[in-house]
Amino acid sequence: QVQLVESGGGLGQPGGSLRLSCGASGSIFGINAMGWYRQAPGKQRELVATITSGGGKNVADSVKGRFTISRDNAKNPVSLQMHSLKPEDTAVYSCKAAIRSSGVYYNMDYWGKGTLVTVSS
């Protein structure tokens, strides 16, 4: 069974930096598009950034120039580097991936449970 687990959340200072990673495990044949989403208290979940298997990126205007999404290694296939943090970045950040499992001929979307990022002095 495929699992995604986020790490790297916690308390960040305004103007500071944090790096989130998403680990993948299970019987994975291939990973296609991946992305980070966030949900602040009392708000709907929103897209932060996505990256295709070819490296094409889509970044929300609210984090453009501050956050960078990248694809890493097989065990931790996607990360989110966050700079110039603002209190409004406080949210639960979740990774999502389109994954083809071994023995399966189509992609399925998987979600991690999320990691809390709190930006406060």
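Structural data are supplied above this passage.
Anyway, here's the lowdown on the structure attached to this text. Quantities reported herein were computed from a predicted structural model and do not represent experimental measurements. (Residues numbered from 1 in each chain as written. Predicted model: local features only at pLDDT ≥ 70, side-chain atom pairs only at ≥ 80, totals over all residues. Heavy atoms only, no water.)

1. Some words on the overall build of the protein
Part 1 of the reasoning: When helices and strands are tallied, the protein shows 0 helices and 11 strands.
Part 2 of the reasoning: In the protein, the succession of helices and strands from N to C terminus is β-β-β-β-β-β-β-β-β-β-β.
Part 3 of the reasoning: Taking 14 Å as the expected radius of gyration for a compact globule of 121 residues, we find that the protein reaches 14 Å, a close match to that expectation.
Part 4 of the reasoning: Its C-alpha atoms put the protein at 50 × 25 × 25 Å along the principal axes.
Part 5 of the reasoning: Here the protein holds 121 residues, and the buried ones make up 42% of them.
Part 6 of the reasoning: Surface summary for the protein: the accessible area is close to 6,600 Å², and the carbon and sulfur share equals 48%.
Part 7 of the reasoning: Here the protein carries 13 positive and 7 negative side-chain charges, and the mean point of each set is 5 Å from the other. (Helix = DSSP H or I, 4+ residues; strand = E, 2+ residues; numbered from the N terminus. Rg over C-alpha atoms; globule rule 2.2 N^0.38 Å. Buried < 20%, exposed > 50% of the residue type's maximum accessible area, 1.4 Å probe, protein only. Areas by Shrake-Rupley, 256 points an atom, 1.4 Å probe, with all protein chains shown as cover. Lys, Arg positive; Asp, Glu negative; His and termini not counted. Charge placed at Lys NZ, Arg CZ, Asp CG, Glu CD.)

2. So, the packing of aromatic side chains
Part 1 of the reasoning: Under the defined criterion, the tally for this structure stands at 1 aromatic pair.
Part 2 of the reasoning: Residue placement shows Arg 45 over the ring face of Trp 111; its charged tip is 3.8 Å from the ring centre. (Phe/Tyr/Trp six-rings, centres within 6.5 Å; stacked < 30°, edge-to-face > 60°. Lys NZ or Arg CZ within 6 Å of the ring centre and 35° of its normal.)

3. Considerations on the nonpolar core
Part 1 of the reasoning: Residues Leu 4, Trp 36, Val 48, Phe 67, Leu 80, Met 82 and Tyr 93 are the most contacted members of the largest nonpolar core, which totals 30 residues.
Part 2 of the reasoning: Secondary structure elements with two or more residues in this core: strand S3 (18–25), strand S4 (28–39), strand S5 (46–51), strand S7 (67–71), strand S8 (78–82), strand S9 (91–101) and strand S11 (115–119).
Part 3 of the reasoning: In terms of residues, this core owes the most to one element, S9, which gives 5 residues.
Part 4 of the reasoning: If we ignore the near neighbours within four places in the chain, the residues touching Met 82 are Gly 16, Ser 17, Leu 18, Leu 20, Arg 66, Phe 67, Tyr 93 and Val 117. (Core = buried A, V, L, I, M, F, W, Y, C linked by side-chain atoms within 4.5 Å. Contact = heavy atoms within 4.5 Å.)

4. Remarks on the sheet that holds S3
Part 1 of the reasoning: Spatially, 4 strands are ordered S1-S3-S8-S7 in an open sheet, and the strand pairing comes out antiparallel. Either end of the sheet is taken by a strand with one partner, and the two such strands are strand S1 (3–7) and S7. With direction set aside, neighbouring strand axes in the sheet form an average angle of 15°. (Pairing = 2+ DSSP bridges. Axes fitted to C-alpha atoms, helices over the stretch in contact; angles between N-to-C directions.)

5. Describing the layout of surface pockets
Part 1 of the reasoning: The space that makes up the largest pocket amounts to roughly 160 Å³.
Part 2 of the reasoning: As for the largest pocket, its lining consists of Val 2, Gln 3, Leu 4, Val 5, Glu 6, Tyr 110, Trp 111, Gly 112, Lys 113 and Gly 114.
Part 3 of the reasoning: Top element by residues in the lining of the largest pocket is S1. It accounts for 4 residues.
Part 4 of the reasoning: In terms of residue class, the lining of the largest pocket is built from 5 nonpolar, 3 polar and 2 charged. (1 Å grid on protein atoms, 1.4 Å probe; cavity = no way out; pocket = protein on both sides within 12 Å on 5 of 7 lines; lining within 4 Å. Points joined across faces, edges and corners; volume = space filled by probe spheres on them. Nonpolar A, V, L, I, M, F, W, Y, C, P; charged D, E, K, R; others polar.)

6. Notes on the state of the cysteines
Part 1 of the reasoning: Inspection of the entire model under this criterion finds 1 disulfide.
Part 2 of the reasoning: The disulfide bridge from Cys 22 ends at Cys 95, spanning 2.0 Å between sulfur atoms. Taken together, the positions of Cys 22 in strand S3 and Cys 95 in strand S9 put the pair 73 residues apart, joining distant regions of the chain. Of the two residues, Cys 22 and Cys 95, neither departs from the other in class, the shared state being buried. (Disulfide = S-S within 2.5 Å.)

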